[in-house]
Each structure stands twice: as C-alpha cells, then as structure tokens.
Amino acid sequence: MTIRDDRASEPETGGARRRAILEIAARLFARKGYRGTSMRDIGEAAGVQGGSLYHHIRSKDALFVELHHAALDEAERRIAQAASQQLEPWARLEAACAALLEIQLDPDSLTMPMMNDFREVPATIRTALIERRDRFETRFRDLVANLPLPPELDRSIYRNLLLSQLNSAADWVRPGRLSPRDIAEQIARVFRHDISTG
C-alpha cells in the first residue's frame, strides 16, 4: 500500500515523518486489527511519545479511515490499470479479478486487512468505510454492466457473488498450486455466461 501525504503546508520533514507513522500504523492494523492496535502501540513503534503523536495523527478512528481509503485507492488504481490493458469485456473482467486476487493473496499485503475487516470498527466510522467500499465496487459494477450476459441473470447478484469469492480468497486458496492469475482465469470461466451459450 502506498501512503501519500498531500498536505503541502507541512514542512518536508514533517510530511516524511507523518508518512513513516502511517506506514507503521498500517502494518500494525494489518497484523493486530483495529481493536488490537492502540495509539500507544503506534507511538512506541514509531518512536514518538505521547502528545507528539497527536501532532501528526488526529485520532485512531481518523487514522484507520485514512489508511482504509488509501488502501482502496491503491487497489482501485491497480485494478483499473489491469483492466484498461484489455479490450474485450470478458478479458477486462478477468484482468480485474487477477489484480484484486494479487492483492488479496499477497501475505505481506497491508491493503487486504484494511479492505476486509469492518467487524471491529466503531459504528461511528463504519459508515464512512462502507461508503468508500461501495465506490470501490463501482469499478466491478461497470465491468459487469458491459458483459454480454443472458438477460435473465441479475447483474447485481452476479457482481456480489463474484466479489464475495474474490474478497474471501485468502480463506480458501492454498498457496503454491495456482497463481492469482490462474485462479482468476478459473473464476472467470465459472462466471462466464455468454448470451450465445446461456
């Protein structure tokens, strides 16, 4: 996950320090979850004491939302880039699936835990996370809308089943036998329902 800090008013050293804290926080959240990570943990890992941390970070909630959004921004960028290299609708979908699986199945991914774990976060920030996730899923809504599917297939159900498989891949894929691209090809075959073949 790439951390960007666009606050131009901060001195360069302050911006670099904040980016380092964000990277450390993202790793802690990915490893320990929202509930298991405290601001003290982040401060200790970053070598920043007490009130100094709040100079860079407003709150744990705001930090998690920022990191979650950054994770989805990066995932969306990678998926859009992969899909844009294909012209045919099924090939575009398969490329997007492969890009998302590469993120979900990377054992060092900071993006995957940020995308998938809403159970521990407070209700006050869950709404913001869900809204951003829904915007992320628009990428797949557009891809599915362009598929030559039989008219009797509900595209919303189709999209949600596809995303459920992709987002839970880390739970059912065993490493080593197939690459993310191989798995994406298999999933695309299972989900392929051309008008001509039904």
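This one's a predicted model, so the numbers in the text were calculated from it and none came from an experiment.

J.: How should the nonpolar core be read in this particular structure?
T.: Formed by 31 residues in total, the largest nonpolar core has its most connected members in Leu93, Phe140, Tyr158, Leu162 and Leu166. Among the secondary structure elements, those contributing two or more residues to this core are helix H4 (60-84), helix H5 (89-104), helix H7 (123-145), helix H8 (155-167) and helix H10 (180-191). For this core, the element with the highest residue contribution is H5, accounting for 10 residues. Setting aside its immediate chain neighbours within four residues, Tyr158 contacts Trp90, Leu93, Val144, Leu147, Leu149, Phe191, Arg192 and His193.

J.: Please clarify how the layout of surface pockets should be interpreted in this entry.
T.: Gaps left between atoms are located by rolling a probe of water-molecule size over the structure's atoms. The calculated volume of the second largest pocket comes to roughly 200 Å³. For the second largest pocket, the lining is made up of 13 residues, of which Leu105, Asp106, Val173, Arg174 and Pro175 are closest to its centre. When the residues that make up the lining of the second largest pocket are grouped by side-chain class, the tally is 8 nonpolar, 3 polar and 2 charged.

What counts, and where the lines are drawn
- Residues numbered from 1 in each chain as written.
- Predicted model: local features only at pLDDT ≥ 70, side-chain atom pairs only at ≥ 80, totals over all residues.
- Heavy atoms only, no water.
- Core = buried A, V, L, I, M, F, W, Y, C linked by side-chain atoms within 4.5 Å.
- Buried < 20%, exposed > 50% of the residue type's maximum accessible area, 1.4 Å probe, protein only.
- Helix = DSSP H or I, 4+ residues; strand = E, 2+ residues; numbered from the N terminus.
- Contact = heavy atoms within 4.5 Å.
- 1 Å grid on protein atoms, 1.4 Å probe; cavity = no way out; pocket = protein on both sides within 12 Å on 5 of 7 lines; lining within 4 Å.
- Points joined across faces, edges and corners; volume = space filled by probe spheres on them.
- Nonpolar A, V, L, I, M, F, W, Y, C, P; charged D, E, K, R; others polar.

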